[in-house]
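Observations on chain architecture
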Amino acid sequence: MSWQENLRDVEPYVSGEQPKLPNIIKLNTNENPYPPTPKVKEVLQNFDAEKLRLYPNADAEGLQDAIATRYGLSKNQVFIGNGSDEVLALSFLSFFNSQKPLLFPDLSYSFYPVYADLYGIPYEKVPVAEDFSLNLSDYTKGNAGGIIFPNPNAPTGLLVGLDFIESVLVHNPDCIVMIDEAYVDFGGVTAIPLLAKYDNLVITRTFSKSRSLAGIRLGVALGSQVAIKKLDDVKNSFNSYSVDAFAQAVGFASLSDESYFKKMCTKVIATRNQFAQDLQALGFTVTDSRTNFVFAKVPKNVSAQNLFDALYAQSIVVRHWPNNERIKEWLRITIGTDAEMAKFIAFLKEYIDGQSTI
Ligand SMILES: Cc1ncc(COP(=O)(O)O)c(C=O)c1O
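This report concerns the structure included in the present document.

Attention shifts here to the packing of helix α3 (residues 84-95) against helix α6 (residues 225-235). Helices that pack against each other are described as a pair by the angle of their axes relative to one another and the distance between those axes. Contact geometry for α3 and α6: axes closest at 9 Å, N-to-C directions at 110 degrees. When the axis of α3 is compared with that of α6, the two are roughly perpendicular. In contact with Leu 90, Ser 91, Leu 93 and Ser 94 of α3, α6 contributes Lys 230, Leu 231, Val 234 and Lys 235. Of the residues belonging to the contact of α3 with α6, the class tally is 4 nonpolar, 2 polar and 2 charged.

Here we come to the environment of Ala 249. Take Ala 249: it is sitting in helix α7 (residues 245-255). Ala 249 sits 205 residues away from Leu 44 along the chain, and the two C-alpha atoms are 8.4 Å apart. Not counting residues within four places of it along the chain, the set of residues in contact with Ala 249 comprises Val 43 and Phe 47.

Bringing the site of the ligand into the picture now. Taken together, 13 residues surround the ligand, and among them Gly 83, Ser 84, Asp 85, Thr 206 and Ser 208 come closest. Looking at the shell around the ligand residue by residue, the classes come out as 5 nonpolar, 6 polar and 2 charged.

For strand β8 (residues 219-223), a buried count of 5 out of 5 residues is recorded, marking the element as mostly surrounded by other parts of the structure. Alternating positions in β8 separate into two faces, Gly 219, Ala 221 and Gly 223 on one and Val 220 and Leu 222 on the other, with burial throughout. Where strand β2 (residues 78-81) meets β8, 4 bridges bridge the pair, whose relative direction is antiparallel. In the sheet register, Phe 79 faces β8, and the bridge partner there is Ala 221. Judged from the 5 bridges that link them, strand β7 (residues 201-206) and β8 form a sheet pairing that is antiparallel. The partner of Arg 205 across the bridge, within β8, is Val 220.

The mixed open sheet is built from 7 strands, whose spatial order is β2-β8-β7-β6-β5-β3-β4. On the outer flanks of this sheet lie β2 and β4 (123-126), each paired with one strand and no other. When strand polarity is set aside, the average angle formed by the axes of neighbouring strands in this sheet is 20 degrees. Here strand β6 (residues 177-180) runs beside β7; their pairing, made up of 4 bridges, is parallel. Paired with Met 178 across the bridge in β7 is Val 202. Where helix α2 (residues 61-71) meets the sheet, its contacts fall on β2 and β8, and the angle it forms with β2 comes to roughly 130 degrees.

Moving on, we get to the sheet that holds strand β9 (residues 285-286). Pairing is antiparallel in the open sheet, where 4 strands are placed in the order β9-β10-β13-β12. On the outer flanks of this sheet lie β9 and β12 (319-320), each paired with one strand and no other. As paired strands, β9 and strand β10 (residues 293-297) are joined by 2 bridges and run antiparallel to one another. Note on β10: the bridge partner recorded for Val 286 is Ala 296.

A separate point is helix α8 (residues 258-281). End to end, α8 covers 35 Å across 24 residues, agreeing with the expected 34 Å (1.5 Å per residue, within 8%). Taken together, the buried positions of α8 are Met 264, Val 268, Thr 271, Arg 272, Phe 275, Ala 276 and Leu 279. The positive-phi residue at the C-terminal boundary of α8 is Gly 283, with phi of around 95 degrees.

Scoring rules and cut-offs
Residues numbered from 1 in each chain as written. Predicted model: local features only at pLDDT ≥ 70, side-chain atom pairs only at ≥ 80, totals over all residues. Axes fitted to C-alpha atoms, helices over the stretch in contact; angles between N-to-C directions. Helix = DSSP H or I, 4+ residues; strand = E, 2+ residues; numbered from the N terminus. Parallel < 35°, antiparallel > 145°, perpendicular 65-115°, else oblique. Contact = placed C-beta atoms within 7 Å. Nonpolar A, V, L, I, M, F, W, Y, C, P; charged D, E, K, R; others polar. Near = placed C-beta within 6 Å. Buried ≥ 20, exposed ≤ 12 C-beta atoms within 10 Å, placed from the backbone. Pairing = 2+ DSSP bridges. Expected span 1.5 Å × (residues − 1).

Here you go:
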């Protein structure tokens, strides 16, 4: 018997590449092309290094208060973690302890099955419809040990309405329903108003996308006091100080400048809508994305793999899932600056012209 037989074997999540290409146009991990509010820079410049001697506030209370005020909730309905990936990881551990399966769409954030496997949570991947939409009836059978999906969904970009979510909640009073609102600020509809009515609803948010702070790692869960207390207890059984002092100060600064935040979201949305139109004009099929990315199927005479490679050779990096039969002709393209998207479209025009003359 070898010591290796006692080691944990897991299939890890594979995050989007962080390539070191010259003059890269990086459109593969849904980061924001614009910097965070200048108030963040101020905080970083004026940060008192002496403070780092001490542990940070374990509950990130200043930020917790600011988030509670921002969303009209009480402080103990807000949990803050080291990126929403950590919040999700702790949530799976806290909430999904049923023998019944956790349900999530088969086309969705690919970290969900990884957490479920890590913790041994039984789960079912629920097939999305032909047009990638979620079928309400799949989530209203009342036989779930938990439910989670992003709204808008990733990588499809599609949104369901609050009536859909409310119906899921009504039919599943015995389990936690989690809505991952990573992309909600780019044209989604938040489920926050439903928190007043359903104490089994938990919503996650991130500072990585709409607040341009992927590098600082800040994620949030919003829910009933009972659910958030459980999440806190699990966090405190793992790492009490998961959000460092820098992140707390930066998150607070970000929340204090809502006009900049709104302006930047509006800009990304406008670029996305223009980019989606430009892609369609070139023969691509696009979904109705309410996120900071576009999910696009290549025209008939184009191979997504070849296009992905050709883009990469130009230092334009997007996301492609070549091993998923259903979406292997689709690319997920993060919205960059107007100039980046114009370069992308200019390259595509040439590329597609080249294909039709072959
Ligand atoms: C649907 C979804 N949820 C959560 C995350 C994780 O975000 P964070 O950077 O806060 O860990 C992502 C990141 O791409 C995502 O796409």
